[in-house]
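Survey of secondary and tertiary structure
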Amino acid sequence: MPAYSALIFDLDGTLIDSAPDIAAALNAGFARNGWPELDPAYVERFIGNGPHRLIRDILDDKGIAHDEAAVARAFDGYLRAYLDDPAGRTRFFDHVREDLGALHAAGVRLGICTNKNHAVTGKVLSQLGLDGLFEAAIGADAVPACKPDPGHLRAVAAAMDLTPGTWAYVGDTRVDQATAAAAGVPFYVVPWGGGAEVAVPAGHRLTRLADLLQHGRKASAAE
Ligand SMILES: O=C(O)COP(=O)(O)O
Ligand SMILES: [Mg+2]
């Protein structure tokens, strides 16, 4: 029997390497204002707080002067480009696809809590052939307050009708960790993406997602 009966996952940086598509969409939005083209490796460092923060954080980091109309124009260009080509350059991290299948086959119920735009999330999952694997997938703009607000994670758990104590959250950033802590839920970090920079208790750093078949109530009871 798997240790958790359900798992909720972060999406970008946890299940998929989407930085090239996020950067391409962002560049389409930035081009509308004549702002400079960005490298995916640079953009990757700012992913995890949703697209609105992504745009503002990069403008601040680069010291690009802007007004609200220009930010709105960039966001609109980003969203249109991303909805047009949601996953052309996106890849699963190693073993993720097979391990999600193994968790599902073992009867673990799966959900997604992501700061990605909600409509983009649906299109990405569908293009990657993940329709039907996740019972719920809720993006940042589909809740009153997104991660790190614990209400975002609780909304996914509520949509899946999960019982407290039977599930955990898996992510790649401190935002994910803070969200789980605020919700009072065990947190596991992936070893790829930004995961290496997140400090977690012993046993909570995964080597691959299939580890979660063994992790669980014993590890969380020891916290
Ligand atoms: O910030 C984003 O756009 C998405 O981030 P997440 O899937 O890691 O929550
Ligand atoms: Mg992430």
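Residues numbered from 1 in each chain as written. Chains lettered and ligands numbered in written order. Predicted model: local features only at pLDDT ≥ 70, side-chain atom pairs only at ≥ 80, totals over all residues. Heavy atoms only, no water.

Put simply, the rule reads: UniProt positions are given in the numbering used here, feature names are shortened, and annotations may be inferred rather than shown by experiment.
Per an unreviewed UniProt entry, the chain goes by the name phosphoglycolate phosphatase and belongs to Paenirhodobacter populi. Quoted verbatim from the Catalytic activity (unreviewed entry) field of UniProt, the annotation for the chain is "2-phosphoglycolate + H2O = glycolate + phosphate". The Pathway (unreviewed entry) field of the UniProt record for the chain holds the comment "Organic acid metabolism; glycolate biosynthesis; glycolate from 2-phosphoglycolate: step 1/1."

Observations regarding helix α8 (residues 174–183)
The cut-off we apply is this: Type-normalised accessible area, obtained with a 1.4 Å probe on protein chains alone, sets the label of each residue: buried when under 20%, exposed when over 50%, and partly exposed for intermediate values. Going along the chain from the N terminus, every DSSP run of H or I of four or more residues is numbered as a helix, and every run of E of two or more is numbered as a strand. Picture the helix axis, draw a direction to every C-beta atom, and the arc is the one those directions span. Contact between two residues is taken to exist if any of their heavy atoms lie within 4.5 Å; hydrogens are not considered.
Of all the residues in α8, the buried ones are Val 175, Asp 176, Thr 179, Ala 180 and Ala 183. Looking straight down α8, one finds its buried side chains confined to an arc of 130°; they lie on one side. What points out from α8, more than 90 degrees from its buried face, is the exposed set Arg 174 and Ala 181. Looking at the packing, one finds that the buried side of α8 touches α7 (150–159), β6 (167–171) and β7 (187–189). Gly 184 lies just past α8 and shows a positive phi near 70°.

Concerning the coordination of the magnesium ion (ligand 2)
Note the cut-off: Think of the donor list as every N, O and S atom within 2.8 Å of the metal, or within 3.2 Å for Na, K and Ca; water never makes the list, so a site can look incomplete.
Bound to the magnesium ion (ligand 2) are the protein donor atoms Asp 10 (OD), Asp 12 (O) and Asp 172 (OD), situated 2.2 Å from the metal. Read in sequence order, the donor residues coordinating the magnesium ion (ligand 2) give the pattern D-x1-D-x159-D. Of this pair, Asp 10 sits in the loop between β1 (6–9) and β2 (16–17) while Asp 172 is found in the loop between β6 and α8, placing the two residues 162 residues apart along the sequence. Residue Asp 172 is classed as buried on the basis of its relative accessible area, which comes to 7%.

Overview of the domain arrangement of the chain
Which entries qualify depends on this criterion: The split into domains, and so the bounds of each, comes from an automatic or database assignment of domains. Once two parts are put together, the accessible area they lose, assessed with a 1.4 Å probe and summed over both, is termed the buried area. By definition here, a salt bridge exists when the distance from a side-chain nitrogen of Lys or Arg to a carboxyl oxygen of Asp or Glu is within 4 Å. Under this definition, polar contacts are N or O atom pairs within 3.5 Å; protein pairs additionally need one hydrogen-donor-capable and one acceptor-capable atom, and for neighbouring residues in sequence, both atoms have to be side-chain atoms. Amino acids are sorted into nonpolar (Ala, Val, Leu, Ile, Met, Phe, Trp, Tyr, Cys and Pro), charged (Asp, Glu, Lys and Arg) and polar (every other residue, Gly among them).
For the chain, the assigned domains are domain 1 (6–17 + 90–221) and domain 2 (19–84). For domain 1 versus domain 2, the separation of C-alpha centres amounts to 25 Å. Every contact between the two is made by 12 residues of domain 1 and, on the other side, 13 residues of domain 2. Carbon and sulfur atoms make up 55% of the surface buried where domain 1 meets domain 2, a total of about 1100 Å² over both sides. Contact with domain 2 buries area across many residues of domain 1, yet Asp 17, Asn 115 and Val 120 alone supply 35% of it, more than any other trio. The interface formed by domain 1 and domain 2 holds 0 salt bridges in total. Along the contact surface separating domain 1 from domain 2 lie 5 residue pairs in polar contact (both at pLDDT 80 or more). Among the elements that line the side of domain 1 that touches domain 2, the one with the most residues is helix α6 (residues 118–127), at 4 residues. Split into classes, the residues belonging to the side of domain 1 that touches domain 2 amount to 4 nonpolar, 4 polar and 4 charged.

A word on the side chain of Thr 121
Locating Thr 121 in the fold gives a position in helix α6. With near-sequence residues (within four places) excluded, Thr 121 lies in contact with Leu 11, Thr 114, Lys 116, Ala 137 and Gly 139.

A closer look at the pairing of β6
Our working definition: A strand pair is defined by DSSP finding two or more bridges across the two strands.
Most of β6 sits out of view: 5 of its 5 residues are buried. Across the two faces of β6 the burial is the same, with Trp 167, Tyr 169 and Gly 171 and Ala 168 and Val 170 all buried. Judged from the 4 bridges that link them, β1 and β6 form a sheet pairing that is parallel. The residue of β6 that forms the bridge with Phe 9 is Val 170. Taken together, the 3 bridges between β6 and β7 define a ladder with parallel strand orientation. Bridging from a neighbouring strand, Val 170 pairs with Tyr 188 of β7.

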